[in-house]
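# Fold and contact review
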Amino acid sequence: MRDFDENNITDAVIDRFANTPDTRLKTVMNSLVRHLHAFVKDVEPTFDEWLFATQFLKRCGHISTGGREEFILLSDTLGVSMLVDAINHRMPAGATETTVLGPFYLDNAQEMAQGADISMGHKGEPLYADVEVRSAGGMPLAGATVDIWQSDDDGFYDMQKEGGEQYLRGRFKTDAEGRLKFWSIAPTFYPIPFDGPVGDMIQATKRHPYRPAHLHFMIAAPGYETLVTHLFVAGDKYLDSDAVFGVKQSLVDEFPRRDGGTAPDGKAMTGAWRTLNYSFGLAPKD
Ligand code: BEZ
Ligand code: FE
């Protein structure tokens with residue numbers, strides 16, 4: 001066939017995939033072509049605009065080296081990551097809601113003992129956390145692996161700093177009652193990396209790059225779906241405009257503030273500090 005035009009080219013391209021043996025790949029390619037062509041018909045880009053679009057993607061590729069994943073950041077900032085997350089996590093009652101993984105997870109975080117302080121002496125308002133891990137049905141899960149990571153008081157993760165020191169992250173095991181106690185500092189809001197093409201998109205569209213203050217959790221236990229989530233601090237000014245659309249009300253906690261006194265582990269406190277109590281529920285596999 002020849003003489004393709006605006007009216008027949010979409011079907012012609014879809015026909016070209018007719019012999020794809022992998023039916024899932026065929027579904028993906030057909031839908032991609034249909035939606036991409038509909039997008040182009042909707043926008044009617046000039047040649048310069050289409051060239052700009054291809055250069056944008058090229059820049060996303062070029063900056064994606066080492067720990068930098070600009071295409072994931074693009075997916076995050078367009079709400080696609082949370083859409084994929086929602087489609088893949090239609091959770092049973094009692095299971096904690098999920099949210100984005102983000103680029104700052106490390107799979108070799110330092111293992112820490114119950115009660116340890118992950119701040120490693122970095123400045124910030126002290127935070128005492130006492131959380132528990134249960135099955136969605138309410139059974140305490142002893143020995144669950146709990147990875148925690150967060151930004152520092154200046155809004156940076158350890159991975160964003162020179163030197164390779166691990167801080168404000170750790171890997172713990174829950175105790176016999178499924179509980180985990182640890183010290184940290186209160187998280188603060190911070191910007192997603194915005195020195196690349198995604199940042200240019202954020203600026204050109206007058207969005208802001210900030211995420212509300214949160215702690216990241218990844219919780220794994222045999223027989224259960226691994227839970228990837230955050231706990232957000234109530235009152236943060238970015239809760240309703242998170243740059244990556246990751247906030248869920250069930251994940252917002254007050255992190256109540258105290259002044260002086262004695263912490264639950266007996267530590268004498270001076271000045272303001274905060275507490276966190278939360279019960280996580282893990283969905284059974286399948
Ligand atoms: C984060 O919370 O660490 C994060 C998530 C998505 C994009 C950038 C950062
Ligand atoms: Fe984060």
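Preceding this section is the structure that the text describes.
For the structure given in this document, a descriptive report is provided here. (Residues numbered from 1 in each chain as written. Chains lettered and ligands numbered in written order. Predicted model: local features only at pLDDT ≥ 70, side-chain atom pairs only at ≥ 80, totals over all residues. Heavy atoms only, no water.)

Residues D3, D5, E6, D42 and E44 make up a contiguous surface patch of negative charge. For E6, the position within the fold is in the segment before α1 (9–16). Given a relative accessible area of 62%, E6 falls into the exposed group. (Patch = residues over 30% accessible without salt bridge, like charges linked within 9 Å, V, L, I, M, F, W, Y side chains within 5 Å. Areas by Shrake-Rupley, 256 points an atom, 1.4 Å probe, with all protein chains shown as cover. Salt bridge = Lys/Arg side-chain N within 4 Å of Asp/Glu carboxyl O. Lys, Arg positive; Asp, Glu negative; His and termini not counted. Charge placed at Lys NZ, Arg CZ, Asp CG, Glu CD. Helix = DSSP H or I, 4+ residues; strand = E, 2+ residues; numbered from the N terminus. Buried < 20%, exposed > 50% of the residue type's maximum accessible area, 1.4 Å probe, protein only.)

Near ligand 1, the surroundings consist of L73, D76, G102, P103, F104, Y157, Y190, I192, R211, H214, H216 and V244. Within the side chain of Y190, one N or O atom sits 2.6 Å away from an oxygen atom of ligand 1. Within the side chain of H216, a nitrogen or oxygen atom sits 3.0 Å from an oxygen atom of ligand 1. About the coverage of ligand 1: the protein hides 100% of its 270 Å² of free accessible area. Every element with two or more residues in the shell around ligand 1 is listed here: α4 (70–77) and β7 (214–220). Here the shell around ligand 1 is composed, by residue class, of seven nonpolar, three polar and two charged. (Near = heavy atom within 4 Å. Polar contact = N/O pair within 3.5 Å; in protein donor to acceptor, adjacent residues only side chain to side chain. Nonpolar A, V, L, I, M, F, W, Y, C, P; charged D, E, K, R; others polar.)

With mixed pairing, the four strands of this open sheet are ordered in space as β4-β1-β11-β10. In this open sheet, the two edge strands, each paired with only one partner strand, are β4 (179–185) and β10 (257–262). Looking at each pair of strands side by side, their axes are set apart by 35° on average, direction ignored. Across nine bridges, the pairing between strand β1 (residues 126–135) and strand β11 (residues 268–282) is parallel. Paired with E132 across the strands is S279, a residue of β11. (Pairing = 2+ DSSP bridges. Axes fitted to C-alpha atoms, helices over the stretch in contact; angles between N-to-C directions.)

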